[in-house]
Amino acid sequence: MTILGNILWFIFGGFVSGIIWVLYGILWSITIVGIPIGAQCFKFAGLAFFPFGKEVSYGGGTVSLIANIIWLIVTGIPMAIGNAIWGCILCITIIGIPFGKQFFKIAKLSLMPFGATIS
C-alpha cells in the first residue's frame with residue numbers, strides 16, 4: 001500500500017511539493033551562510049516526493065531553534081500555509097483524505113524543519 005500511495009502522491013501533488021523544497025534549497029544555498037539550511041531543504045524534498053511510510057520526529061537544541069526562527073520568518077510561513085490549504089482541499093473527498101494528511105505532515109515540517117528527523 002505504501003508503494004501505491006507514493007506513486008499516486010508523486011503524480012497528483014508530490015512532484016510539485018518536492019520541487020518547491022528543492023527550489024527553496026537552491027535559493028538558500030546561494031549564500032555560504034544559507035548552505036546548511038539549503039541542505040536541510042534537500043533532505044526534506046525526499047519526504048515531500050514520497051511521504052507514505054515515513055514518520056517525522058522532532059527534537060533539536062539551541063542551534064535548531066535559532067535556525068527554525070530564521071526559517072519561519074523567511075520561508076516557513078508561506079510553505080506551511082500552502083501545504084495546509086492543499087491538505088484542506090484534498091480532505092473534502094474521502095479518497096483525498098490520506099493525501100491531505102500527508103500535506104498536513106509536510107505543513108508541520110514546513111514550520112519547524114530543523115531538529116526534525118525522518119524515519
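Keep in mind it's a predicted model, so treat the numbers as computed, not measured.

> Explain the side chain of Gln-102 residue by residue, including any values.
Mapped onto the fold, Gln-102 is located in helix 4 (residues 97-111). By relative accessible area, which is 11% here, Gln-102 ends up buried. Within the structure, Gln-102 has its side chain in polar contact with the side chain of Lys-105 (distance 3.0 Å). Setting aside residues no more than four positions away along its own chain, Gln-102 makes contact with Trp-9, Pro-51 and Phe-52.

> How would you explain the packing of helix 1 (residues 2-28) against helix 3 (residues 62-90) if you had to name every residue and give the values?
Two numbers describe how helix 1 lies on helix 3: the axes approach to 12 Å, and their chain directions differ by 165°. The angle between helix 1 and helix 3 falls in the class roughly antiparallel. Between helix 1 and helix 3 lies a crossing of right-handed hand. On the side of helix 1, the interface is formed by Ser-17, Ile-20, Trp-21, Tyr-24 and Trp-28, while helix 3 contributes Ile-70, Trp-71, Val-74, Thr-75, Met-79 and Asn-83. By residue class, the composition of the contact of helix 1 with helix 3 is 8 nonpolar, 3 polar and no charged.

> I'd like a rundown of the packing of aromatic side chains, residues and numbers included.
Taken as a whole, this structure holds 13 aromatic pairs when the rule is applied. One aromatic cluster in this structure is built from Trp-21, Trp-28, Phe-44, Trp-71 and Phe-114.

> Account for the confidence of the model for the protein chain, with residues named and values stated.
When pLDDT is averaged along the protein chain, the result is 89; 99% of the residues meet or exceed 70. Considering each helix and strand of the protein chain separately, the mean pLDDT is smallest for strand 2 (residues 117-118), with a value of 84, and largest for helix 4, with 92.

> Mind laying out the nonpolar core, listing which residues take part and the relevant values?
With 21 residues, the main nonpolar core has Trp-9, Trp-21, Trp-71 and Leu-109 as its most contacted residues. Counting only elements with at least two residues in this core, the list comes to helix 1, helix 2 (35-49), helix 3 and helix 4. In this view, Trp-9 contacts Gly-14, Phe-15, Ala-48, Phe-49, Phe-50, Pro-51, Phe-52, Phe-99, Gln-102, Phe-103 and Ile-106; residues no more than four positions away in its chain are not counted.

Parameters and conventions
- Residues numbered from 1 in each chain as written.
- Predicted model: local features only at pLDDT ≥ 70, side-chain atom pairs only at ≥ 80, totals over all residues.
- Heavy atoms only, no water.
- Helix = DSSP H or I, 4+ residues; strand = E, 2+ residues; numbered from the N terminus.
- Buried < 20%, exposed > 50% of the residue type's maximum accessible area, 1.4 Å probe, protein only.
- Polar contact = N/O pair within 3.5 Å; in protein donor to acceptor, adjacent residues only side chain to side chain.
- Contact = heavy atoms within 4.5 Å.
- Axes fitted to C-alpha atoms, helices over the stretch in contact; angles between N-to-C directions.
- Parallel < 35°, antiparallel > 145°, perpendicular 65-115°, else oblique.
- Left-handed = near helix turned anticlockwise from the far one by under 90°.
- Nonpolar A, V, L, I, M, F, W, Y, C, P; charged D, E, K, R; others polar.
- Phe/Tyr/Trp six-rings, centres within 6.5 Å; stacked < 30°, edge-to-face > 60°.
- pLDDT = per-residue confidence, 0-100.
- Core = buried A, V, L, I, M, F, W, Y, C linked by side-chain atoms within 4.5 Å.

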